[in-house]
Amino acid sequence: MLSRTLDEGLRNYEIGEKIRALRLRKKMALVELGRHTGLSAALLSKIERSNIYPPLPTLLRIAMVFGVGLDYFFSDDSARRTISIVRKSERVRFPDTTEGRVSYFFESLDFKTNDRRLNAHYAEFQPAPEDEPSPHLHAGAEFIHILSGRLALTIGRQEHLLEEGDSIYFDSSVPHSYRRHGKPRCTAVVITTP
């Protein structure tokens, strides 16, 4: 049993309410969250109603399901970043490798933002290998706007050729792959939803 002082201190963080908001935003039932975390729906219900406070390892298991860090639960909502500027000089370049080959390089355009509802990247596609790139898929939707060059995008069995200024929106749960078309540099803004 917690002392009154500790209970009041923890209650100020509204951990249970934050978990419930994350769960409802994902349209997830307590039972489904339980399957992802290995915790019972009854225990999760008590946590959401602030009847009990989870230990850090339990809270981390919950945080990982929603793609947030522990700091999400202990930061002040009013200080949460709703406006986030990422300077070009601050971006970090990462390769996306498929079967040991670099398909494209990407830079996160929104990495400083807490509680993101989308992910935005700047991508630079590499020359296509001799064989077709391996398709991948992920939940949500994807939007691509071509800044320069030409991009061949295969969605399912259909190939689409996009040129500078073209955009495409598609269901990213369908297997898809990218390859630069031609020799000129190919860059794009890629936005995905979780």
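Along each chain, the written sequence defines residue order, and numbers are assigned to residues from 1. In keeping with the model being predicted, local features are shown solely for residues with a pLDDT of at least 70 and side-chain atom pairs are shown and tallied solely at 80 or more, while totals for entire chains, interfaces and linings include all residues. Based on all heavy atoms of the structure, the side-chain values leave hydrogens and waters out of the count.

Visitor: Would you mind showing me how to read the packing of aromatic side chains here?
Guide: To describe a pair of aromatic rings, one takes the distance between the centres and the angle between the planes. The rule is short: rings of Phe, Tyr and Trp, with Trp giving its six-membered ring, pair when the centres are within 6.5 Å, and they are stacked under 30 degrees, edge-to-face over 60, tilted in between. Considering all chains together, one arrives at seven aromatic pairs under this definition. Relative to Phe125, the ring of Tyr104 lies with its centre 5.3 Å away and its plane at 50°, an arrangement referred to as tilted. Within this pair, whereas Tyr104 is found in strand β2 (residues 101-108), its partner Phe125 is found in strand β3 (residues 119-125), the two being separated by 21 residues in sequence. The same class applies to Tyr104 and to Phe125, which are both buried. Ring geometry for Phe125 against Tyr178: centres 5.5 Å apart, planes inclined by 50°, an arrangement best described as tilted. You can see Phe125 sitting in strand β3 and its partner Tyr178 sitting in strand β8 (residues 176-180), a full 53 residues away along the chain. When sorted by exposure, Phe125 lands in the same class as Tyr178, which is buried. Three or more aromatic residues joined by ring pairs form one cluster here, namely Phe94, Tyr104, Phe106, Phe125 and Tyr178. Two conditions define a charge sitting above a ring: the NZ of Lys or the CZ of Arg must be within 6 Å of the ring centre, and it must be within 35 degrees of the ring normal. The positively charged end of Arg91 is found above the aromatic ring belonging to Tyr122, 5.4 Å away from the centroid. Strands are runs of DSSP state E lasting at least two residues, helices are runs of H or I lasting at least four, and both sets are numbered from the N terminus onward. Throughout this description, buried means an accessible area under 20% of the type-specific maximum (1.4 Å probe, protein chains only), exposed means over 50%, and partly exposed covers the range between.

Visitor: Is there a simple way to explain the environment of Leu44 in this structure?
Guide: Tracing the backbone shows Leu44 in helix α4 (residues 41-48). Counting along the chain gives 25 residues from Leu44 to Ile19, while the straight-line C-alpha distance between them is 9.1 Å.

Visitor: Explain unusual backbone geometry to me, please; I cannot follow it from the model alone.
Guide: What you tend to see is this: most non-glycine residues have negative phi, and most peptide bonds are trans. At Lys27, a residue that is not glycine, the phi angle is positive and equals roughly 55°. With respect to the secondary-structure elements, Lys27 resides in the loop between α2 (15-25) and α3 (30-37). Although it is not a glycine, Ser50 sits at a positive phi angle of roughly 60°. Counting through the fold element by element, Ser50 comes out in the loop between α4 and α5 (56-66). Note on Ser50: relative accessible area 6%, which makes it buried.

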